[in-house]
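Structural description and commentary
What follows is the residue order along each chain.
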Amino acid sequence: YCELLDLNKVEEFTCFCALAQTAGIGQRGNHWEAQPGQNLTFSLVLHPKHLMVVAQFKLTQCLSVAVCDWLSKKISPQEIKIKWPNDIYVGARKICGMLISIKVSCVGVSHAICGIGLNINQTLFPEWVPNPISLKQITGEDYDIKKCLEELIESVQARYEEILMPSLQEAYLARLFRNNEPGQYIYKDQLMAATIVGINHYGQLLLQPAEGEVVACNLKEVQYVL
């Protein structure tokens, strides 16, 4: 729906919220499904005109960290991780996914449609959904969806104000799953043992193989071996 709008006429931080979702779009062509009234499924319109196109990954960092900030007020912060680039996990299970659509101008980013799906009260998921978890499954509590949305948008606004500051990158790396830890990856269809050593300016994942130079990976080039 947001793609059909004239975003020049949409006020920043306008939120379009879906009561239910059966074919949400995610990274790598994945789908997101949510039961009616149980979860947060919304799109947020932003106008980060001060952001250069080459620095657009800062939007991903902003939203990812903001979701982690909000979740940290509900559950143990130590369990919350960002699986590059922007999936949010609690332990080994996914609680949130997002997809950011960027519109650019000759000088930088003009508009961004930020779609977020966050599992709140849903406890039963389709079998095809890999490793899902919801806030209710973790805490046993029911949550007011509208209040959760208002709190989460406030969290995004707070991080949005520091989108050009080093503190945002630091907060993202502090939450990054497997950061500075050895692991296995499939890189360009080849199994590789490597350590995540950071994220570069373009948002590429930096992997240090056991032997050789650091590799800068794009989204479709690398997969985690869990």
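Right above here is the structure, for reference.
Residues numbered from 1 in each chain as written. Predicted model: local features only at pLDDT ≥ 70, side-chain atom pairs only at ≥ 80, totals over all residues. Heavy atoms only, no water.

A few points about the pairing of strand β10 (residues 190–199)
Condition: For two strands to count as paired, DSSP must find a minimum of two bridges between them. For the purposes of this entry, the term helix denotes a DSSP run of H or I that reaches at least four residues, the term strand denotes a run of E that reaches at least two, and both are numbered from the N terminus.
Strand direction decides the pairing type here: strand β9 (residues 182–187) and β10, joined by 6 bridges, are antiparallel. Looking at β10, one finds that Y185 is bridged to M192. Turn length for the β9-β10 hairpin, with the two strands adjacent in sequence and antiparallel, is 2 residues, and the turn residue K188 shows positive phi of about 50 degrees. Direction of pairing for β10 relative to strand β11 (residues 205–209): antiparallel, over a ladder of 5 bridges.

Quick word on the packing of helix α1 (residues 57–71) against helix α4 (residues 166–175)
This is how it is decided: As a rule, the C-alpha atoms of each element are fitted with a line to give its axis, helices using only the stretch in contact, and angles between N-to-C directions run from 0 to 180 degrees. Note on terminology: angles under 35 degrees are roughly parallel, angles over 145 are roughly antiparallel, angles of 65 to 115 are roughly perpendicular, and the others are oblique. A clockwise turn of the near helix away from the far one marks a right-handed crossing, whereas an anticlockwise turn of less than a right angle marks a left-handed crossing. Note on definitions: a residue-residue contact is assigned when non-hydrogen atoms from the two residues lie within 4.5 Å. We call Asp, Glu, Lys and Arg charged. Ala, Val, Leu, Ile, Met, Phe, Trp, Tyr, Cys and Pro are nonpolar, and the rest, Gly among them, are polar.
The interhelical angle for the contact between α1 and α4, taken along N-to-C directions, is 60 degrees, at an axis separation of 9 Å. The angle between α1 and α4 places the two elements in the oblique class. By crossing handedness, the relation of α1 to α4 is classed as left-handed. Residues F57, K58, Q61, C62, S64, V65 and C68 of α1 pack against L168, Q169, A171, Y172 and R175 of α4. The class makeup of the residues in the contact of α1 with α4 is 7 nonpolar, 3 polar and 2 charged.

Points about the packing of aromatic side chains
The criterion, for reference: Ring geometry is summarised as follows: Phe, Tyr and Trp rings, the Trp one being its six-membered ring, pair when their centres sit within 6.5 Å, and such pairs are stacked at plane angles under 30 degrees, edge-to-face over 60 and tilted between the two. The buried label goes to any residue with under 20% of its type's maximum accessible area, the exposed label to any with over 50%, and the partly exposed label to all in between, with areas taken from a 1.4 Å probe on protein chains only. For a ring to carry a charge above it, either NZ of a lysine or CZ of an arginine must fall within 6 Å of the ring centroid while also lying within 35 degrees of the normal to the ring plane.
The final tally for this structure, using the stated rule, is 4 aromatic pairs. On the numbers, 5.4 Å between centres and 85 degrees between planes, the contact of F13 with Y160 is edge-to-face. Separated by 147 residues along the polypeptide, F13 in the segment before β1 (14–17) and Y160 in helix α3 (residues 145–160) bring together distant segments of the chain. Taken as a pair, F13 and Y160 share a single burial class, namely buried. Ring geometry for F57 and Y172: centres 5.7 Å apart, planes at 85 degrees, overall edge-to-face. Of this pair, F57 sits in helix α1 while Y172 sits in helix α4, and the two are 115 residues apart along the sequence. On the basis of relative accessible area, Y172 is assigned to the buried category, the value being 0%. In textbook terms, an aromatic cluster arises when at least three aromatic residues are bridged by ring pairs, as seen for F177, Y185 and Y224. Note that R178 overlies the ring of Y185, its terminal NZ or CZ placed 5.2 Å from the centroid.

Concerning the sheet that holds strand β6 (residues 87–90)
The 6 strands lie next to each other as β1-β4-β8-β7-β6-β5, forming an open sheet whose pairing is antiparallel. Each having just a single partner strand, β1 and β5 (80–83) make up the two edges of the open sheet. The mean inter-strand angle of the sheet, taken between neighbouring strand axes irrespective of direction, is 20 degrees. Packing of α1 onto the sheet brings it into contact with β4 (40–46), β5, β6, β7 (93–104) and β8 (109–118), and relative to β7 it is tilted by some 150 degrees. In this fold α3 packs onto β1, β4 and β8, with an angle of close to 35 degrees to the strand it touches most, β4.

Things to note about the pairing of strand β13 (residues 222–225)
Side chains of β13 alternate between two faces, with V222 and Y224 buried and Q223 and V225 left unburied. One ladder, built from 4 bridges, connects β9 with β13; its direction is antiparallel. Paired with Y185 across the strands is Y224, a residue of β13.

What about the sheet that holds β9?
Adjacent strands of a sheet form backbone hydrogen bonds with each other and so pair up, either parallel or antiparallel. As summarised here, the arrangement of the 5 strands in space is β12-β11-β10-β9-β13, forming an open sheet in which the pairing is antiparallel. Each having just a single partner strand, β12 (215–217) and β13 make up the two edges of the open sheet. Averaged over neighbouring strand pairs, the angle between their axes works out to 50 degrees when direction is ignored. Across 3 bridges, β11 lies against β12 in antiparallel orientation. Opposite L205, over in β12, you have C217 as the bridge partner.

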